[in-house]
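This is what each chain is made of:
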Amino acid sequence: MLFRGWGESVNARWPDVATVLDHVGVGHLVVTRHALVRQILTDPVTFRPDNALDAVTPIPVTALRILAGHRFRLPPTLANNSGASHPEIRGIVADALHPTRVAAQQPWLTALVRQRVDRLTTALDTGETVDLYADLAADLPLLVLARLVELPDAPVGAVKEFARAALELFWAPLDADRQRALAAEVGSFHTVLREFAATGGGLAARLRAAGHSPDVVVSALFFLLVAGQETTSQFLTLLLHRLTGEPEVRAGLRTGEVAVADVVEEGLRLEPPIVTWRRVAAVDTTLGGTAVPAGTSIVAWLARAGRDPEVVAAPGEFRPGQRGSRRHLAFGAGAHRCVGAQLARMEAAVVVAEAAPLLDGVTVVRPPWCPDNLTFRMPDTFVIRRS
Ligand code: HEM
């Protein structure tokens, strides 16, 4: 389950908590129930976020040297920061992603998506195949993020490659050759970020002005560039794929009987791009009656929590607006709850509203394929054509 926390494993029988050994023999306490996952996420004193960005495959010295050659450092700033600086750093990022600023991007994004959907409709009409990941979803969140937060002047393709390399380096089961290649990729983009952090405007300038060190500024930008765009493009791809198999939901969207916002929430519940999130036990404690020694790695199975029958009426079915649909934990909970939730929801709502009609009468030529990963789905492609 550890590296494929979606698909069949997410529906299988599981105890409330279970120790699962990973590929290098480290045990993780996997937590499957909604109430327990929520308890962990909202209690940062007992279950600290310090290990959120730890590499699940220990990085060998040869790859560490490559990272060190790029002066790679990621001090705790956001997701893995249990220190006193967290609220202030989070506040500065939250200001940049304020709901008013997010809402102001909606018309621009709608026009862009509409343009793309028109082009893709023509392509489908003429019998061509269309990749809804590459041709629609992949770069949209990065383009919006760049309008909200000043980012280094790097080509979209380079940022996407760096972000996916980071997700693989820190969350995938890997061999040493691959780790070295990923370290080189992640390290060289880190150098770009370091230069930008020293001179860039917008968020970087605000963090500098608040007295944060260059390492903290780089670290915040690093996390935002990964968490703030890759997650959402994965979600858009997975949601569109899911909707291909939900003709009644699409019909409801057409007639207005089904609300776009409800489709987005049900999508987050059933197709979250982040399937697990980690915490570490800070003290000896218990969870659902199981003893948890201090230092235990806790894997909060977010995708499973969204399917808890104690919370959702029909856990495995895509029924927008059903009881419990919005109580998913796809964005986490508590002090570290996703600060970009509003932005991700806005982007998904625009894409569902504009692109769902594309899915009528299509055949899936190539469904999204997701590599082994502890946390991220990382779909690579989603190809359709008219039936
Ligand atoms: C569908 C898309 C997204 C999903 C599913 C998602 C999910 C998550 C999750 C599970 C966490 C950890 C929460 C916890 O520890 O309780 C998180 C944290 C975070 N996310 Fe997102 N995220 C998404 C999009 C975004 C976007 C668009 C941004 C910003 C542009 C963003 C920025 C962040 C930040 C900064 C944190 C760390 C917050 C903190 O530690 O204070 N995320 N996200």
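Given the structure is predicted, the values throughout are model-derived calculations rather than measurements. (Residues numbered from 1 in each chain as written. Predicted model: local features only at pLDDT ≥ 70, side-chain atom pairs only at ≥ 80, totals over all residues. Heavy atoms only, no water.)

### Overview of the packing of helix α9 (residues 156-171) against helix α13 (residues 230-244)
For the pair α9 and α13, interaxial distance at closest approach is 10 Å and the crossing angle is 90 degrees. Comparing their axes, α13 and α9 come out roughly perpendicular. Two secondary-structure elements touch here, α9 through Lys-160, Ala-163, Arg-164 and Leu-167 and α13 through Glu-230, Ser-233 and Gln-234. Here the contact of α9 with α13 is composed, by residue class, of 2 nonpolar, 2 polar and 3 charged. (Axes fitted to C-alpha atoms, helices over the stretch in contact; angles between N-to-C directions. Helix = DSSP H or I, 4+ residues; strand = E, 2+ residues; numbered from the N terminus. Parallel < 35°, antiparallel > 145°, perpendicular 65-115°, else oblique. Contact = heavy atoms within 4.5 Å. Nonpolar A, V, L, I, M, F, W, Y, C, P; charged D, E, K, R; others polar.)

### Focus on the sheet that holds strand β8 (residues 297-301)
An order of β1-β2-β8-β5-β3 is seen for the 5 strands of this open sheet, with the pairing classed as mixed. Taken across any chain shown, the strands that pair with only one partner, and hence form the sheet edges, are β1 (17-21) and β3 (47-48). Where β1 lies against strand β2 (residues 27-31), 5 bridges are found, and the strand directions are antiparallel. Bridge pairing in β2 links Leu-21 to Gly-27. (Pairing = 2+ DSSP bridges.)

### Notes on the environment of Phe-170
Mapped onto the elements, Phe-170 comes out in helix α9. It is 9.1 Å that separates the C-alpha atoms of Phe-170 and Leu-374, two residues lying 204 residues apart in sequence. Ignoring anything within four residues of it in the chain, the contact list for Phe-170 reads Leu-53, Asp-54, Ala-55, Val-56, Ile-59, Phe-72, Leu-74, Phe-222 and Arg-278.

### Considering unusual backbone geometry
Even without a glycine there, the phi angle at Arg-71 is positive, about 55 degrees. Locating Arg-71 in the fold gives a position in the loop between α3 (61-69) and α4 (86-96). Of the residues examined, Arg-71 reaches a relative accessible area of 48% and is grouped as partly exposed. At Met-378, a residue that is not glycine, the phi angle is positive and equals roughly 55 degrees. Mapped onto the secondary structure, Met-378 falls in the loop between β9 (362-366) and β10 (383-386). With relative accessibility at 5%, the residue Met-378 sits in the buried group. (Buried < 20%, exposed > 50% of the residue type's maximum accessible area, 1.4 Å probe, protein only.)

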